[in-house]
Amino acid sequence: QGLERTEHEGFGGGNTAWEEEKLSKYQHSETRLLEVLEGVCAPSDFACNQLLERNEEHVEQWWFHERQQHPDFFQWLCVDRLMLCCPPGTYGPDCRSCAGGPRQPCSGNGRCDGDGTRRGTGLCVCSPGYGGPFCADCGDGYYEASRNKSHLVCAECYQACGRCTGPEDSSCLRCKRGWVLHEHRCIDIDECGTEMAHCRANQYCVNTEGSYECRDCSTACIGCMGAGPARCKKCNKGYWRDGAKCLDVDECASAEEPVCTGVQEVCENTEGSYRCVCARGHIRRDGQCIEDKPPDAPEKGFFDDVTDDEVVVLQQMFFGVMICALATLAAKGDMVFTAIFIGAVAAMAGYWLSDRSDRVLDGFMKGR
């Protein structure tokens, strides 16, 4: 592709004549070779870039010395020199011809295993609808719609035919598995009506086109002849027969004595059985049914219901009592208690003036 892209290009400089005189013709120049090699591999294609780097000397040898004598670069490098590939239609270490010949392997209706490589078996892997060692025949389930010396077209038979002469259901020569041939028609075999079906003990057989299916019986049955509780051979435990049907036994209603004997337990019927559950308003805990009520709240302390405003009042009362006690002692002339009294009064005043000043002034202005 790079050779084709650069076929009609030249040097990019201004003096093309001088460049061709000094650097040789562009068509055979190193400049063109580099431009071709730049587009050979995608940047992310590590294997391609590695192969190109490893064989750079071979590429240059072909470009400058072998190109005229061996114009097919692929044949010269990949097949003859490196021996990594084979020509199309051949395979294996010695590049032998594929089945059906190298010109049209596998009659054009399949692929040759290892075609174009040094590997493979050379045998044909036929396309759908074709068969034979050279894919020159129609495969099972197909017939010859047209044929000439070089081309074969195979079309699909009627779905039940293994071999046929045409597309109609009356043109069968052999039937597929699950069908039987009768006057060139393939009739479905009812495996369920013969011993050909193999289903497990608690399953029943359903015939399908060319085969059969095994489906599970109803839970009411032990063995059955079809779907539903009316086709049981025998009723399962927890069911009773009412005519043709196996119906669920209500153990909660039919028992003479209570089936659930735990305290605050009641019986709940289920399909084929029953279960013991706690009565309404009760929950099961540690295997017993107890009343479902919220846990008791812890006892409140003496001060739990006291509000923030009440706490402030109590603090003021406490400070007031302390100040009165200190005032009484200060009145007796004790200098220590006098100093403590003055400090307490100052602290109380500071508390009121800082934290409560806005409220005090507002109340005073409003006459409260």
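Only a predicted model underlies this, so the values are computations on that prediction, with no experimental measurement involved.

How each quantity is defined
Residues numbered from 1 in each chain as written. Predicted model: local features only at pLDDT ≥ 70, side-chain atom pairs only at ≥ 80, totals over all residues. Heavy atoms only, no water. Buried < 20%, exposed > 50% of the residue type's maximum accessible area, 1.4 Å probe, protein only. Helix = DSSP H or I, 4+ residues; strand = E, 2+ residues; numbered from the N terminus. Contact = heavy atoms within 4.5 Å. Polar contact = N/O pair within 3.5 Å; in protein donor to acceptor, adjacent residues only side chain to side chain. Pairing = 2+ DSSP bridges. Axes fitted to C-alpha atoms, helices over the stretch in contact; angles between N-to-C directions. Parallel < 35°, antiparallel > 145°, perpendicular 65-115°, else oblique. Left-handed = near helix turned anticlockwise from the far one by under 90°. Nonpolar A, V, L, I, M, F, W, Y, C, P; charged D, E, K, R; others polar. Disulfide = S-S within 2.5 Å. Phe/Tyr/Trp six-rings, centres within 6.5 Å; stacked < 30°, edge-to-face > 60°. Lys NZ or Arg CZ within 6 Å of the ring centre and 35° of its normal. Salt bridge = Lys/Arg side-chain N within 4 Å of Asp/Glu carboxyl O.

K.L.:
What exactly am I supposed to notice about unusual backbone geometry here?
P.N.:
The general pattern is negative phi for most residues beyond glycine and trans for most peptide bonds. In the Ramachandran plot, Ser107 falls in the positive-phi region, its phi being about 55° despite a non-glycine side chain. Look at Ser107 and you get partly exposed, because its relative accessible area is 23%. Positive phi, close to 60°, is recorded for Gln264, a residue that is not glycine. Among the secondary structure elements, Gln264 is positioned in the loop between α7 (251-254) and β17 (265-270).

K.L.:
What exactly am I supposed to notice about the environment of Trp62 here?
P.N.:
Considering the arrangement of structural elements, one finds Trp62 in helix α5 (residues 56-66). Discounting chain neighbours no more than four positions away, the residues touching Trp62 are Leu3, Arg67, His70, Pro71, Phe73 and Trp76. A distance of 2.7 Å separates a polar side-chain atom of Trp62 from the backbone oxygen of His70.

K.L.:
I keep staring at the environment of Cys172 and nothing clicks. Help me out?
P.N.:
Tracing the sequence through the fold places Cys172 in strand β10 (residues 172-175). A relative accessible area of 0% places Cys172 in the buried class. Sequence separation of Cys172 and Ala160 is twelve residues, and the distance between their C-alpha atoms is 8.2 Å.

K.L.:
Explain the pairing of strand β18 (residues 273-278) here, please?
P.N.:
Across six bridges, the pairing between β17 and β18 is antiparallel. Bridging across to β18, Asn269 finds its partner in Tyr274. Counted between consecutive antiparallel strands, the loop separating β17 from β18 contains two residues, among which Gly272 sits at a positive phi close to 85°.

K.L.:
Even after reading the chapter, I still don't get the packing of α5 against helix α6 (residues 73-81), so can you show me in this structure?
P.N.:
Helix packing geometry: the angle between the two helix axes and the distance between the axes. Running from amino to carboxyl end, α5 crosses α6 at an angle of 130°, the nearest separation of the two axes being 11 Å. Classified by the angle between their axes, α5 and α6 sit oblique to one another. With respect to the hand of their crossing, α5 and α6 are arranged in right-handed fashion. Note on element contacts: α6 touches α5 through Phe73, Trp76, Leu77 and Arg81, opposite His58, Val59, Gln61, Trp62 and Glu66. The residue makeup of the contact of α5 with α6, split by class, is five nonpolar, two polar and two charged.

K.L.:
Would you mind showing me how to read the side chain of Arg32 here?
P.N.:
Position of Arg32 relative to the elements: it lies in helix α3 (residues 30-38). If we skip the residues at most four places from it in the chain, Arg32 touches Leu3, Thr6, Glu7, Tyr26, Gln27, Trp63 and Arg67.

K.L.:
Hey, could you run me through the state of the cysteines in this one?
P.N.:
Under the defined criterion, the tally for this structure stands at 17 disulfides. Put simply, Cys157 and Cys164 are joined by a disulfide, and their sulfur atoms are 1.9 Å apart. Torsion about the S-S bond of the Cys157 and Cys164 cystine: about -85°, corresponding to left-handed handedness. Covalently, Cys161 is tied to Cys172 through a disulfide, its sulfur atoms 1.7 Å apart. Of the two residues, Cys161 sits in strand β9 (residues 161-164) while Cys172 sits in strand β10, which places them eleven residues apart along the sequence. In terms of burial, Cys161 and Cys172 fall into one category: buried. A disulfide-free cysteine, Cys78 has its sulfur positioned 4.6 Å from the sulfur of Cys85, the nearest such atom. Look at Cys85 and you get buried, because its relative accessible area is 19%.

K.L.:
What should I look at first to understand the packing of aromatic side chains in this one?
P.N.:
Think of a pair of aromatic rings as described by two things: how far the centres are apart, and how the planes are tilted against each other in angle. Enumeration according to the criterion identifies two aromatic pairs in this entry. For the pair Trp62 and Trp63, a centre-to-centre distance of 6.3 Å together with 50° between the ring planes defines the contact as tilted. For the pair Trp62 and Trp63, a shared accessibility class is recorded, and that class is buried. Through pairs of rings, three or more aromatic residues link up here, namely Trp62, Trp63 and Phe73. One residue, Arg67, lies across the ring of Trp63, its end atom 4.2 Å from the ring centre.

K.L.:
I keep staring at the pattern of salt bridges and nothing clicks. Help me out?
P.N.:
Between side chains of opposite charge, a pair can form when the charged atoms approach closely. Going through the model one piece at a time under the given rule, you end up with seven salt bridges. When the shortest N-O distance is used, the salt bridge between Arg147 and Glu144 registers 2.8 Å. Across the pair Glu268 and Arg275 runs a salt bridge whose closest N-O atoms are separated by 2.5 Å. Residue Glu268 is classed as partly exposed on the basis of its relative accessible area, which comes to 30%. Sharing partners across several salt bridges, the network here consists of Asp140, Arg163 and Arg174.

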